[in-house]
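Per-entry structural report
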Amino acid sequence: QVQLVESGGGLVQAGGSLRLSCAASGRTFTDYAMGWFRQAPGKEREFVAAINRSGGSTNYADSVKGRFTISRDNAKNTVYLQMNSLKPEDTAVYYCAARYATTYRHWGQGTQVTVSS
């Protein structure tokens, strides 16, 4: 079992930046690939970005490619999502998740990101 706690959300103007953090505790952090997802009001949860266990491989949703960067610090048991050039359509609750094998098994409680136009 791993526990995940997100932080860093808030209100920002369009064009601004935020950095989300997700601190993990419990099982060995490097057992898990990590991902970020988001859910806007009235919409289904969608994939944003993922990073492998070592941090050497990442992938992104097309909607955030070139604007968001996922990274991890295995010494601090933390994964980050740097979000630049934010748009109103990025407004959502952002969740981090831990993937073991092919399944995201553990989820955080989410952090709200609101981008004003």
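**Some thoughts on the side chain of Thr 91**
- When you line up the elements, Thr 91 lands in the loop between β8 (78–83) and β9 (92–100).
- Polar contacts involving the side chain of Thr 91 include one to the main-chain amide nitrogen of Val 115, which spans 2.9 Å.

**Thoughts on the packing of aromatic side chains**
- On inspection of all chains with the given rule, the structure shows five aromatic pairs.
- With a centroid separation of 6.1 Å and 50° between ring planes, the pair formed by Tyr 104 and Trp 107 is classed as tilted.
- With a relative accessible area of 30%, Trp 107 lands in the partly exposed category.
- Taken together, Phe 37, Phe 47, Tyr 104 and Trp 107 form an aromatic cluster joined through their ring pairs.

**What about the layout of surface pockets?**
- Space inside the largest pocket adds up to approximately 190 Å³.
- Lining the largest pocket are 13 residues; nearest its centre among them are Arg 38, Ala 40, Lys 43, Glu 46 and Glu 89.
- Of the residues assigned to the lining of the largest pocket, the class counts are two nonpolar, three polar and eight charged.

**Side note on the pattern of salt bridges**
- Throughout the structure, instances matching the rule amount to five salt bridges.
- Two residues, Arg 27 and Asp 31, come together in a salt bridge whose shortest N-O distance is 3.3 Å.
- The exposure class of Asp 31 is partly exposed, given its relative accessible area of 24%.
- Between Lys 65 and Asp 62 there is a salt bridge, and its shortest N-O distance comes to 3.1 Å.
- Taking relative accessible area as the criterion, Asp 62 reaches 66% and is therefore assigned exposed.
- Salt bridges linked by common partners bring Arg 38, Glu 46, Arg 67 and Asp 90 together as one network.

**Focus: the environment of Asn 74**
- Looking at the element boundaries, Asn 74 is found in the loop between β7 (68–73) and β8.
- Overall, Asn 74 belongs to the partly exposed group, its relative accessible area being 27%.
- For the pair formed by Asn 74 and Gly 55, sequence separation is 19 residues and the distance between their alpha carbons is 8.5 Å.
- Within polar-contact distance, the side chain of Asn 74 engages the side chain of Arg 72 at 2.7 Å.

**Side note on the side chain of Thr 111**
- Along the polypeptide, Thr 111 turns up in strand β11 (residues 111–116).
- The class of Thr 111 is buried, set by a relative accessible area of 11%.
- A polar contact of 3.2 Å, which involves the side chain of Thr 111, links it to the backbone nitrogen of Gly 9.
- For Thr 111, the contacting residues outside a window of four places in its chain are Glu 6, Ser 7, Gly 8, Gly 9, Leu 20, Ala 92, Val 93 and Tyr 94.

**Structural notes on the state of the cysteines**
- All told, the structure shown has one disulfide when counted by the stated rule.
- Linked covalently through their sulfurs, Cys 22 and Cys 96 form a disulfide whose S-S length is 1.9 Å. Handedness here is read from the sign of the S-S torsion; for Cys 22 and Cys 96, about 45°, the answer is right-handed. Separated by 74 residues along the polypeptide, Cys 22 in strand β3 (residues 18–26) and Cys 96 in strand β9 bring together distant segments of the chain. The two residues Cys 22 and Cys 96 agree in class, both being buried.

Calculation notes
Residues numbered from 1 in each chain as written. Predicted model: local features only at pLDDT ≥ 70, side-chain atom pairs only at ≥ 80, totals over all residues. Heavy atoms only, no water. Helix = DSSP H or I, 4+ residues; strand = E, 2+ residues; numbered from the N terminus. Polar contact = N/O pair within 3.5 Å; in protein donor to acceptor, adjacent residues only side chain to side chain. Phe/Tyr/Trp six-rings, centres within 6.5 Å; stacked < 30°, edge-to-face > 60°. Buried < 20%, exposed > 50% of the residue type's maximum accessible area, 1.4 Å probe, protein only. 1 Å grid on protein atoms, 1.4 Å probe; cavity = no way out; pocket = protein on both sides within 12 Å on 5 of 7 lines; lining within 4 Å. Points joined across faces, edges and corners; volume = space filled by probe spheres on them. Nonpolar A, V, L, I, M, F, W, Y, C, P; charged D, E, K, R; others polar. Salt bridge = Lys/Arg side-chain N within 4 Å of Asp/Glu carboxyl O. Contact = heavy atoms within 4.5 Å. Disulfide = S-S within 2.5 Å.

None of this, on its own, says anything about what the molecule does.
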